[in-house]
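Analysis of the macromolecular model
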Amino acid sequence: MQPVLLIRYGEIALKGKNRPFFENRLLRNIEESLKGLEPFQVSFRRGRYYVKIEEENLYAAQRRLRQVFGIVSISPVFPVKLDLEEICRQALQLLKNSYKPGMTFKIATRRANKNFPYPTPEVNNLVGAYLLKSNLELKVDVHNPEIVINIEIREKKAYLYSQIIPGPGGLPVGVTGKGLLLLSGGIDSPVAGWMALKRGIELEALHFHSPPFTGDNALHKVMDLCQLLAAYGGNITLHLAPFTEIQKEIRLRCPEPMLITLMRRVMLRVAESLAAARKLPVIFTGESLGQVASQTLENLAAINEVVSLPVLRPLIGFDKEEIVNIARRIESYPISIRPFDDCCTLFVPRHPVTRPSVEELRRAEEKLPLEELIASCLDNIETKQIEALR
Ligand code: ATP
Ligand code: MG
């Protein structure tokens, strides 16, 4: 019989009265992630989701579901008739799929249907004995088996599974709200975005580019990063903001050591206006502490000072190595290390300020036509819808 994917969720089970809201959103996200693999059918029963899908799409579906936040684990489940012989045969098939000579196994039966003629321990024994009689080299180990054959005896059918594939955990994207991610082409901001998605935030992204100093390759890199994030978080609206004029003016009129801090202050002002227009109540960045001279507490404070929206920095507690590890795992790393400059790597001051005085920054900004620069940047934002690359 055709296998079904059983999907388990975790944290959302704790959400009390909001539970249906969380469960519906996860259902929608599951359906969304399977787009293109039609026909399929997703149902929800007693705290679990079941996906019916053509066998040839089963593997692709599993791969996609491993990126849907809120999912704790996935098992391909094989339904059979309520008949001991059928159960035995399917159990043997499952074992064969991951067989190694000398393998240890255990049968774990749950009997929700009390009318089934065999009690639970007897099902375990009978199916176990059947497997031991096969021509495979097997041993029972009830404490630490290499494979567990799970058998669930329900009203109409028995369901067997052995594989438990971990999902990404977290909360379904969309349940905690929306945010604007400042996305550079670097290693950190995609990871920060992934972490925001993991906590259920739906994202739009804002990228500043500086043509002609930054080229199409840099743009493609950012779009590819968005495609990657979209596989975890659904389609992403990407806003591309021109930063060339702003950078030129800052460089022309302001002291060199302040360049980065001043650029960030302008980026955040633009981000805040865009966020207001898009009704996004928080901003996310990939900043962490102490990685580079511009990421001191004083600099972060000076950057925050220009906006009133909360600026969240999911990477604040991470070492670079930990960030790189996540980047590798979520596969953003190979995209991030493509050697194309973004606007910030172009004009790096030799000695950036580490303890900027807000007074001095404000004085430097007085020399800039700030309002016009920001208005013109906002007016010229180009917006794209980025879909997940599957
Ligand atoms: P990343 O790897 O994300 O670029 P980083 O460690 O290189 O981070 P910075 O380059 O100082 O740090 O950037 C700090 C943060 O500012 C980034 O994580 C990102 O959120 C934001 N940012 C930097 N450059 C851009 C840009 N061109 N467009 C949008 N956001 C940017
Ligand atoms: Mg960077």
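These remarks concern the structure in this document. (Residues numbered from 1 in each chain as written. Chains lettered and ligands numbered in written order. Predicted model: local features only at pLDDT ≥ 70, side-chain atom pairs only at ≥ 80, totals over all residues. Heavy atoms only, no water.)

1. Focus: the overall build of the protein chain
Our working rule: A helix here means a DSSP run of H or I that spans at least four residues, while a strand means a run of E at least two residues long, and both kinds are numbered starting from the N terminus. In what follows, residue pairs with any heavy atoms lying within 4.5 Å of each other are defined as contacts. We count Lys and Arg on the positive side and Asp and Glu on the negative side, and we leave His and both chain ends out. Taken as the charge location is NZ of Lys, CZ of Arg, CG of Asp or CD of Glu.
Across its full length, the protein chain holds 14 helices and 15 strands. Here the C-alpha coordinates of the protein chain stretch approximately 85 × 40 × 35 Å along the principal axes. Pairs at least 24 apart in sequence give 81% of the contacts found in the protein chain among residues at least 6 apart. If the 51 positive side-chain charges of the protein chain are averaged to one point and the 44 negative ones to another, these points end up 7 Å apart.

2. Quick notes on helix H2 (residues 58-65)
Put simply, the rule is: With a 1.4 Å probe rolled over the protein chains alone, any residue whose accessible area is under 20% of its type maximum counts as buried; one over 50% counts as exposed, and the rest are partly exposed.
Taking burial as the measure, the eight residues of H2 include six buried ones, the bulk of the element. Buried residues of H2: Leu58, Ala60, Ala61, Gln62, Arg64 and Leu65, and no others.

3. Considering the pairing of strand E4 (residues 71-80)
For the record, the criterion: DSSP-based pairing: two strands are paired if at least 2 bridges between them are found.
Counting buried residues in E4 gives nine out of ten residues, a clear majority hidden from the surface. Pairing between strand E1 (residues 4-9) and E4: six bridges, direction antiparallel. Across the sheet, residue Leu6 finds its bridge partner in E4, namely Ser75. With two bridges connecting them, E4 and strand E9 (residues 165-166) associate as antiparallel partners. Within E9, the position partnered with Ile74 by the bridge is Ile165.

4. Regarding the packing of helix H5 (residues 188-198) against helix H10 (residues 320-330)
Which entries qualify depends on this criterion: Axis geometry follows a simple rule: fit a line to the C-alpha atoms, using only the stretch in contact for helices, then measure angles between N-to-C directions, giving values from 0 to 180 degrees. Angle categories are assigned with fixed cut-offs, so that under 35 degrees is roughly parallel, over 145 is roughly antiparallel, 65 to 115 is roughly perpendicular, and the rest are oblique. We call Asp, Glu, Lys and Arg charged. Ala, Val, Leu, Ile, Met, Phe, Trp, Tyr, Cys and Pro are nonpolar, and the rest, Gly among them, are polar.
In the contact formed by H5 and H10, the axes pass within 9 Å of each other and the chain directions differ by 70 degrees. In terms of their interaxial angle, H5 and H10 are classed as roughly perpendicular. Side by side, H5 and H10 meet where Asp188, Pro190, Val191, Trp194 and Met195 of the first sit next to Lys320, Ile323, Ile326, Ala327, Arg329 and Ile330 of the second. Across the contact of H5 with H10, the residue classes tally to eight nonpolar, no polar and three charged.

5. Details of the site of ligand 1
Heads up, the rule is: Nearness here has a simple test: a residue counts as near a molecule or strand if at least one of its heavy atoms is within 4 Å of that partner. Any pair of N or O atoms that falls within 3.5 Å is considered a polar contact. Within protein, one atom must be able to donate a hydrogen and the other to accept it, and sequence-neighbouring residues count only if both atoms are side-chain atoms. The method behind every accessible area is Shrake-Rupley, applied with a 1.4 Å probe, and residues are considered shielded solely by the protein chains displayed.
Taken together, the neighbourhood of ligand 1 is formed by 20 residues, with Leu182, Ser184, Asp188, Ser189 and Arg264 sitting nearest. Interatomic distance of 3.4 Å between a backbone N/O atom of Leu183 and a nitrogen atom of ligand 1. Take Arg264: an N or O atom from its side chain is 2.6 Å from an oxygen atom of ligand 1. Taken by itself ligand 1 offers 570 Å² of open surface, and the protein chains cover 90% of this. Elements represented by at least two residues in the shell around ligand 1 include exactly H5, strand E11 (201-209), helix H8 (259-277) and helix H12 (343-346). Within the shell around ligand 1, the residues separate by chemical class into eight nonpolar, eight polar and four charged.

6. Looking at the packing of H8 against helix H13 (residues 358-366)
Geometrically, a packed helix pair is captured by the angle between its two axes and the distance between the axes. Remark: H8 packs on H13, axes separated minimally by 11 Å, with the N-to-C direction vectors making an angle of 75 degrees. Classified by the angle between their axes, H8 and H13 sit roughly perpendicular to one another. For the pair H8 and H13, the contacting residues are Thr261, Leu262, Arg265 and Arg269 in the first and Leu361, Arg362, Ala364 and Glu365 in the second. Of the residues contributing to the contact of H8 with H13, the split by class is three nonpolar, one polar and four charged.

7. A word on the pairing of strand E7 (residues 147-153)
The buried fraction of E7 is high, at six of seven residues. Sheet analysis places strand E5 (residues 103-111) next to E7, joined by seven bridges and oriented parallel. By the bridge assignment for E7, Ala108 is matched with Asn150. Taken together, the four bridges between E7 and strand E8 (residues 158-161) define a ladder with antiparallel strand orientation. Bridging across to E8, Ile153 finds its partner in Ala158. Linking two consecutive strands that pair antiparallel, namely E7 and E8, is a turn of four residues.

8. As for the sheet that holds strand E14 (residues 311-312)
Pairing is mixed in the open sheet, where six strands are placed in the order E14-E13-E10-E11-E12-E15. Each edge of the open sheet is held by one strand with a lone partner, namely E14 and strand E15 (382-386). Where strand E12 (residues 236-242) lies against E15, five bridges are found, and the strand directions are antiparallel. Looking at the pairing, Leu238 lines up with Lys384 of E15. Contacts from H5 reach strand E10 (177-182), E11 and strand E13 (283-284) within the one sheet, and its direction differs from that of E11 by about 160 degrees.

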